[in-house]
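Fold and contact review
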Amino acid sequence: MAKRVSVDRWMFTVTAILVFIGLVMVFSASAVMAKERYGSAYEFLFKQLIWAVAGLVAMFLAMRIDYKRLKHPAYVFLLLGFTTLLLISVFFLDRTHGTHRWFRLGPVSFQPSELAKPALILFLAWFLENKTKAMDDLRNTLLPAVAPTVIFLGLIVFQPDLGTALACAGITACILFVAGIRLRYFGYAFAAAIVPLYFLIFHVSYRKDRILAFLDPYADPQGRGFHMIQSLIAVSTGGLTGLGLMEGKQKLFYLPEPHTDFIFAVTAEELGLLGALTVVVLFAIFLWRGTRAALRTQDNFGRFLAVGITSMIVLQAFINISVVLGLMPTKGIPLPFVSYGGSSLFVTLACVGVLLNITKQAE
């Protein structure tokens, strides 16, 4: 009797648990703020729930579509071109919070930079599939491979959104590393990026303040160090088991964006060390199963897709948690599955569906 092949149940379960935790913590972190701004404590929860349902539907559909069908050049360049068009078009829209990051249609908003990550992953997986033995070919392999990444980085940086740009660079680096690129090329890339990063960080006042706050937040506790200090207070006051759901104090207009960038701090305060560690362990399991899928996949296209999707999720989680714990300067990177943000949640769940299909065929 033939063995019934199913998707990776560990990965599926971890994803479902993280989405559930996200819905609970979004409500807890945003209820008071939503009540004051919109007159309903459920404003952010309802929006996140709608996106979660849409994302889960996309995930189930992607689970059932053979990932090898994505290998067609028409799909690759359609997604790449559409994403480029969106990243350019967003500059012609009105600014939101001083940035050109969102398309807004009534109550619905979409951040095109979220689409840049899967677009780069799909392109790199397709382009590098048969070029693993020519990774030293600068003209025919490396430059064409990184060209879309460089274009996307430029467009995203000028939104401005340096955090997402660095995340895209990290995803590209992970795929190139697995494809067999020599380490010296990473050194060349880092050397080439030093001068642009210097001007992007130290010649932009708010980014410079973030670096100074990271180095010594208590040098200006009421100014540039305020947010990092409040995050550390939230984490430290949670203790072992936390203050209890909905009982956190730092989300009450102390933490910046407690339902998005600093939702892990709210989780640590209300659910304690045990709750925070649970979230970290869930992402560690996701990393394990994603790496396992990449190792078991027989074709390079599936392997690079698995590496790209896994690194996209785990890298963002690492950055977000590190910022909350004061291990990195503040960046606007959401915690995947957990932070409030419809476009991020939808795109991430759709990508997980592709990854689950890869696990299904890797067994």
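Residues numbered from 1 in each chain as written. Predicted model: local features only at pLDDT ≥ 70, side-chain atom pairs only at ≥ 80, totals over all residues. Heavy atoms only, no water.

**Considering the nonpolar core**
In this structure, Leu128, Phe286, Leu305, Leu335 and Phe337 are the most contacted members of the largest nonpolar core, which totals 97 residues. Setting aside residues up to four positions removed in sequence, Leu305 forms contacts with Tyr67, Ile121, Leu122, Ala125, Val354 and Ile358. (Core = buried A, V, L, I, M, F, W, Y, C linked by side-chain atoms within 4.5 Å. Buried < 20%, exposed > 50% of the residue type's maximum accessible area, 1.4 Å probe, protein only. Contact = heavy atoms within 4.5 Å.)

**Considering the pattern of salt bridges**
With the rule as written, the count across this model stands at 7 salt bridges. Of the charged contacts in the structure, one is a salt bridge between Arg289 and Asp8, with a shortest N-O distance of 2.8 Å. A residue pair is termed long-range when its members are at least 10 positions apart, and Arg289 in helix α10 (residues 263-296) and Asp8 in the segment before α1 (9-38) qualify at 281 residues. Relative accessible area serves as the criterion here: at 4%, Asp8 is assigned to the buried category. Through salt bridges with shared partners, a single network forms among Asp8, Arg289 and Arg292. (Salt bridge = Lys/Arg side-chain N within 4 Å of Asp/Glu carboxyl O. Helix = DSSP H or I, 4+ residues; strand = E, 2+ residues; numbered from the N terminus.)

**With respect to the packing of α10 against helix α11 (residues 300-324)**
At a minimum axis distance of 10 Å, the contact between α10 and α11 shows a crossing angle of 160°. Of the possible angle classes, the one that applies to α10 and α11 is roughly antiparallel. Relative to α11, α10 is oriented so that their crossing is left-handed. Here α10 contributes Phe264, Ala265, Val280, Phe283, Phe286, Leu287, Gly290, Thr291, Ala294 and Leu295 to the contact with α11, which in turn contributes Arg303, Ala306, Val307, Thr310, Ile313, Val314, Ala317, Asn320, Ile321 and Val324. (Axes fitted to C-alpha atoms, helices over the stretch in contact; angles between N-to-C directions. Parallel < 35°, antiparallel > 145°, perpendicular 65-115°, else oblique. Left-handed = near helix turned anticlockwise from the far one by under 90°.)

**Focus: α1**
Since the α-helix packs 3.6 residues into each turn, any two residues three or four apart lie on the same face. Roughly 55° is the biggest bend found in α1, and it falls at Ser30. For α1, the N-terminal capping position is held by Asp8, with its side-chain oxygen 2.9 Å away from the main-chain nitrogen of Trp10. At the exit of α1 stands Gly39, carrying a positive phi of roughly 80°. (Bend = angle between axes of the 7 residues up to and from the residue. Polar contact = N/O pair within 3.5 Å; in protein donor to acceptor, adjacent residues only side chain to side chain.)

**A look at helix α6 (residues 162-179)**
Taking 1.5 Å of rise per residue, the 18 residues of α6 would be expected to cover 26 Å, and the 26 Å separating its terminal C-alpha atoms lies within 8% of that figure. Looking only at α6, the buried set comprises Leu162, Gly163, Thr164, Ala165, Ala167, Cys168, Gly170, Ile171, Thr172, Ile175, Leu176 and Ala179. Along its buried surface, α6 packs onto α4 (113-128), α5 (138-157), α7 (183-202), α8 (205-215) and α11. Of the residues one or two after α6, Gly180 is the one with positive phi, at around 110°. (Expected span 1.5 Å × (residues − 1).)

Purely geometric stuff here, so don't read any function into it on its own.
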